[in-house]
Amino acid sequence: MEVFYYLVFGAMAAVVAALELSKTNKDRINTSSSFNSFKNNYLVVFSIMMAGDWLQGPYVYYLYSTYGFGKGDIGQLFIAGFGSSMLFGTIVGSLADKHIVPRKSKLSFQDRNFEQQWLSLTFSKAVFLGNGLVAILSGLFGNLLVDTFSFGPVAPFDAAACFLAIGMAIILTTWSENFGDPSDSKDLLTQFKVAAIAIASGRFKFSIKYLCFLAISNTVYGVFSDEKIALLGAIQSLFEASMYTFVFLWTPALSPNDEEIPHGFVFATFMLASMLGSSLAARLMARSSLRVENYMQIVFLVSAASLLLPITTSVLVTPSNVKGEGLSLTCCIQLLGFCVFEACVGIFWPSIMKMRSQYIPEEARSTIMNFFRVPLNIFVCIVLYNVDAFPITIMFGMCSIFLFVASILQRRLMVISEKPKAEEWSPMKERNSEVDPLNL
């Protein structure tokens, strides 16, 4: 493997380590031994299950290509996942609003007499382990299986199945069933009602817009009077559309002539860059003088510039049509740009969660955001279905435009959020189960 990969990975690992080691222990929480046992059991299962997921990610495109599928065919196979998300995501999100939060916070903790703030500690460690450390180790382990041991691109999927089976065994032997809160009588239709009214009017009052919403199958008529929610949903949809398209594009971008690249190692490098972004986000949000709405404008502009690199390099450097032995200069520059984009992804997630906690009611948060993912998934499906009709640089250009538009909308959100408003959402706690886990 080329030295360049090690240099990029090592440099980012050093920066992340320095950021993590520089954190103070002033926010350390003293917990009981029974809670530590409960927390560690959950974290072990969560990390194992996430390993099963992360092992597969770097090799999906590569596996399909080894079976002889072309870029267009692979794009259509990817549509299955996004189509499923579009069809079932909204329903699952509303079920999460009803069941997941109460089950974790009310029953799993209160029944054991655990303090509510310990829930935030658990989620914080889960994010750090499952979405950070485990993702990096999974990429390295997948690279070990495929490139070092030469087990082939199927090996990470076999390993993932083993991890998932181990996690299931631990759950069956150590977890007790949780049947939810019987006092919560909200059904699925009620959850849609809350979400529709929140989007359409910004207040919890029954309106004719809700009736229209039901009649046209989850499509909201009229202009959204709560502009903050509309802007936030549009911002997240634009960014996620670019991010999901990038998930498909990075493999052919780094191997335009079917060069052999260490997919697992590259993925681990991306995840390390994302962890770097998360660490930076924690420090940015800790500064009371700096608002999330302010710095996210810059983040979106930087991410837009990073995805313009494939276009820039194709203009400045003459692309080669000959299969090389390693990364070309163009691909090296693109890899650095992709790492910058992944760092922006790491900043984006905790920051968007912070803004969602401020502008969207918690009891319908998942449902509302999943409404906005419907056009997102439709767009991604259209792009992937027609992936052969456009050069890869055109698709990166579209992603960059989306991110630039997201920056403009973020600017608008910052402006209107600074204006006093007579009617706001009912006060929500600043520290809740969605925000606290972000203080890694």
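Placed above this text is the structure.
Residues numbered from 1 in each chain as written. Predicted model: local features only at pLDDT ≥ 70, side-chain atom pairs only at ≥ 80, totals over all residues. Heavy atoms only, no water.

**Q** Can you lay out the overall build of the chain for me, pointing to particular residues and giving the numbers?
**A** What the chain contains, in helices and strands, is 15 helices and 0 strands. Looking at the 440 residues of the chain, the share that counts as buried comes to 48%. Within the chain, contacts between residues at least 6 apart in sequence are counted, and of these 85% link residues at least 24 apart. (Helix = DSSP H or I, 4+ residues; strand = E, 2+ residues; numbered from the N terminus. Buried < 20%, exposed > 50% of the residue type's maximum accessible area, 1.4 Å probe, protein only. Contact = heavy atoms within 4.5 Å.)

**Q** Tell me about helix α11 (residues 292–306), and please be specific about residues and values.
**A** The end-to-end C-alpha distance of α11 is 21 Å, a good match for the 21 Å that 15 residues give at a rise of 1.5 Å each. Listed as buried for α11 are V292, E293, Y295, M296, Q297, V299, F300, S303, A304 and S306. In this structure, the buried side of α11 is in contact with α9 (227–254), α10 (263–286), α12 (309–316), α13 (329–359) and α15 (392–417). (Expected span 1.5 Å × (residues − 1).)

**Q** Any details on α9? Residues and values, ideally.
**A** With 28 residues, α9 extends 40 Å between its outermost C-alpha atoms, agreeing within 8% with the 40 Å of an ideal straight helix rising 1.5 Å per residue. Along α9, the sharpest change in direction is near 40° and occurs at F248; proline P252 comes one to four residues later. (Bend = angle between axes of the 7 residues up to and from the residue.)

**Q** Kindly report on the environment of K71, identifying the contributing residues and their values.
**A** Looking at where K71 falls in the secondary structure, it is placed in helix α4 (residues 71–110). Classification of K71 by relative accessible area gives partly exposed; the value is 26%. Each C-alpha atom of the pair K71 and N386 lies 9.9 Å from the other, and the pair is 315 residues apart in sequence. In this view, K71 contacts Y61, F248, V387, D388 and F390; residues no more than four positions away in its chain are not counted.

**Q** Residue-level account of unusual backbone geometry, with values.
**A** Even without being a glycine, S150 presents a positive backbone phi close to 55°. Topologically, S150 is positioned in the loop between α5 (117–148) and α6 (155–174).

**Q** Could you give me a rundown of the side chain of S138, with the residues and numbers involved?
**A** Following the sequence through the fold, S138 ends up in helix α5. The exposure class assigned to S138 is buried, which follows from its relative accessible area of 5%. Of note is the side chain of S138, whose polar atom sits 2.7 Å from the backbone oxygen of V134. If near-sequence neighbours (up to four positions away) are discounted, S138 is found in contact with A51, W54 and L55. (Polar contact = N/O pair within 3.5 Å; in protein donor to acceptor, adjacent residues only side chain to side chain.)

**Q** If you had to explain the packing of α13 against α15 to someone new, which residues and values would you point to?
**A** Between α13 and α15, the least distance of the axes is 14 Å, while the angle of their chain directions is 35°. For α13 against α15, the interelement crossing comes out left-handed. Mapping the contact onto sequence places F338, F341, M355 and Y359 in α13 and F396, L403, Q410, L413 and S417 in α15. Counted by class, the contact of α13 with α15 contains 7 nonpolar, 2 polar and no charged residues. (Axes fitted to C-alpha atoms, helices over the stretch in contact; angles between N-to-C directions. Left-handed = near helix turned anticlockwise from the far one by under 90°. Nonpolar A, V, L, I, M, F, W, Y, C, P; charged D, E, K, R; others polar.)

**Q** Explain the packing of helix α2 (residues 33–54) against α6 to me, and be specific about the residues and the numbers.
**A** With their axes 7 Å apart at the nearest point, α2 and α6 run at an angle of 155° to one another. Considering the angle they form, α2 stands roughly antiparallel to α6. The chirality of how α2 crosses α6 is left-handed. Along the contact surface, α2 presents N41, V44, V45, I48, M49, A51 and G52, while α6 presents A160, F163, L164, I166, G167, M168, I170, I171 and T174. Partitioning the contact of α2 with α6 into residue classes produces 12 nonpolar, 4 polar and no charged. (Parallel < 35°, antiparallel > 145°, perpendicular 65-115°, else oblique.)

**Q** Before we move on, can you summarise the packing of aromatic side chains with the specific residues and values?
**A** Within the structure shown, the criterion is met by 21 aromatic pairs. Aromatic side chains Y42 and F46 sit 5.9 Å apart centroid to centroid with 25° between the ring planes, which places their arrangement in the stacked category. One end of the pair is Y42 and the other is F46, both in helix α2 and 4 residues apart, which spans about a single turn. Residue Y42 is classed as buried on the basis of its relative accessible area of 16%. Chaining the aromatic ring pairs together yields one cluster made of F239, F246, W250, F270, F300, F338, F341, F348, W349 and F396. (Phe/Tyr/Trp six-rings, centres within 6.5 Å; stacked < 30°, edge-to-face > 60°.)

So yeah, pure geometry; function would need other evidence.
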